[in-house]
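Structural description and commentary
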Amino acid sequence: MLYIPGKSRPIDFGRCGYGYYLYDMAGALLGLGVNQRKQFIAGYENMKKLSSGYIQQVECFFIMFMIENYCHHAANPEETENLKSEQVFAQTYLHAFLQDSSFLFRRVDPVQIGSPVNPVNITSH
C-alpha cells in the first residue's frame with residue numbers, strides 16, 4: 001500500500017514473485033507518477049542501497065513489463081480500448097528507451113500516434 005495523507009492506494013504485485021528484484025520494482029513503478037517513483041525508490045533505499053546502474057536496468061524491465069502487460073490483456077476484447085488509449089504513452093517510453101534517453105524520473109507527455117516522437121516529449125519535473 002502507498003499511504004498518501006488521508007488516502008491509501010494499493011499496488012498490484014500480482015505478477016511479482018520471487019524473481020529478480022529490479023524486475024519486480026519496474027512492475028510496481030509502471031503505474032506510478034514521477035514523484036511517486038522517487039518516493040518508492042527513496043523508501044527502498046532506506047532499507048537497501050541500489051547499485052549505481054540501477055536506473056538503466058529498471059527502465060529495461062519497465063519496457064519489458066509494459067509489453068508483457070499488453071500481451072496479457074490483448075486477448076480480452078474488453079481491454080482493447082484501454083490498450084489503444086495507452087499507446088501514446090507506450091510509444092513515448094519506447095522511443096526514449098531506444099534513444100537511450102532516461103525516462104524513469106521524467107514526466108512523459110503523450111504523443112499522437114503516427115507522428116514522429118520527439119525526445120522533447122519527455123520532460124524533467
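Residues numbered from 1 in each chain as written. Predicted model: local features only at pLDDT ≥ 70, side-chain atom pairs only at ≥ 80, totals over all residues. Heavy atoms only, no water.

**Observations concerning the overall build of the protein**
Tallying secondary structure elements over the protein gives 4 helices and 4 strands in all. When its helices and strands are written in sequence order, the protein yields β-β-α-α-α-α-β-β. Among the 125 residues that make up the protein, the fraction classed as buried is 32%. Accessible surface, the protein: about 8,100 Å² in total, of which carbon and sulfur atoms supply 56%. (Helix = DSSP H or I, 4+ residues; strand = E, 2+ residues; numbered from the N terminus. Buried < 20%, exposed > 50% of the residue type's maximum accessible area, 1.4 Å probe, protein only. Areas by Shrake-Rupley, 256 points an atom, 1.4 Å probe, with all protein chains shown as cover.)

**Considering the pattern of salt bridges**
In total, this model carries 2 salt bridges according to the counting rule given. Measuring nitrogen to oxygen at the nearest pair gives 3.9 Å for the salt bridge that ties Lys84 to Glu81. With Lys84 and Glu81 both in helix 4 (residues 80-98) and 3 residues apart, this pair spans about one turn of that helix. When sorted by exposure, Lys84 lands in the same class as Glu81, which is exposed. (Salt bridge = Lys/Arg side-chain N within 4 Å of Asp/Glu carboxyl O.)

**What to know about the nonpolar core**
Considering soluble globular proteins, one finds that nonpolar side chains tend to be buried as a cluster. Counting residues in each nonpolar core, the largest one holds 27 residues, and the members touching the most others are Met25, Leu29, Phe40, Ile41 and Val58. Of all elements in the fold, only helix 1 (21-29), helix 2 (34-47), helix 3 (54-73) and helix 4 reach the threshold of two or more residues within this core. By residue number, the principal contributor to this core is helix 3, which donates 8 residues. With residues near it in sequence (within four places) discarded, Ile41 still touches Met25, Leu29, Leu50, Tyr54 and Phe105. (Core = buried A, V, L, I, M, F, W, Y, C linked by side-chain atoms within 4.5 Å. Contact = heavy atoms within 4.5 Å.)

**Section: the confidence of the model for the protein**
Residues with a pLDDT of 70 or more make up 82% of the protein, whose mean pLDDT is 84. Here strand 4 (residues 122-124) stands out as the element of the protein with the lowest mean pLDDT, 54, in contrast to helix 2, whose mean of 95 is the highest. (pLDDT = per-residue confidence, 0-100.)

**Quick word on the environment of Glu86**
Positionally, Glu86 belongs in helix 4. Distance in space between the C-alpha atoms of Glu86 and Tyr70 is 9.8 Å, their sequence separation being 16 residues.

**Considering the packing of helix 1 against helix 3**
Taken N-terminus to C-terminus, the directions of helix 1 and helix 3 make an angle of 65°; their axes are 8 Å apart at the nearest point. For the crossing formed where helix 1 meets helix 3, the hand is right-handed. Packed against helix 1, whose contacting residues are Leu22, Tyr23, Met25, Ala26, Gly27 and Leu29, the element helix 3 presents Tyr54, Gln57, Val58, Phe61, Phe62, Met64, Phe65 and Glu68 at the interface. Its residues assigned to classes, the contact of helix 1 with helix 3 shows 11 nonpolar, 2 polar and 1 charged. (Axes fitted to C-alpha atoms, helices over the stretch in contact; angles between N-to-C directions. Left-handed = near helix turned anticlockwise from the far one by under 90°. Nonpolar A, V, L, I, M, F, W, Y, C, P; charged D, E, K, R; others polar.)

**Here's the deal with the packing of helix 1 against helix 2**
Running from N to C, helix 1 and helix 2 point in directions that differ by 145°, and their axes come no closer than 10 Å. With respect to the hand of their crossing, helix 1 and helix 2 are arranged in right-handed fashion. Here Tyr21, Met25, Ala28 and Leu29 of helix 1 lie close against helix 2, whose contacting residues are Arg37, Phe40, Ile41 and Tyr44. Within the contact of helix 1 with helix 2, the residues separate by chemical class into 7 nonpolar, no polar and 1 charged.

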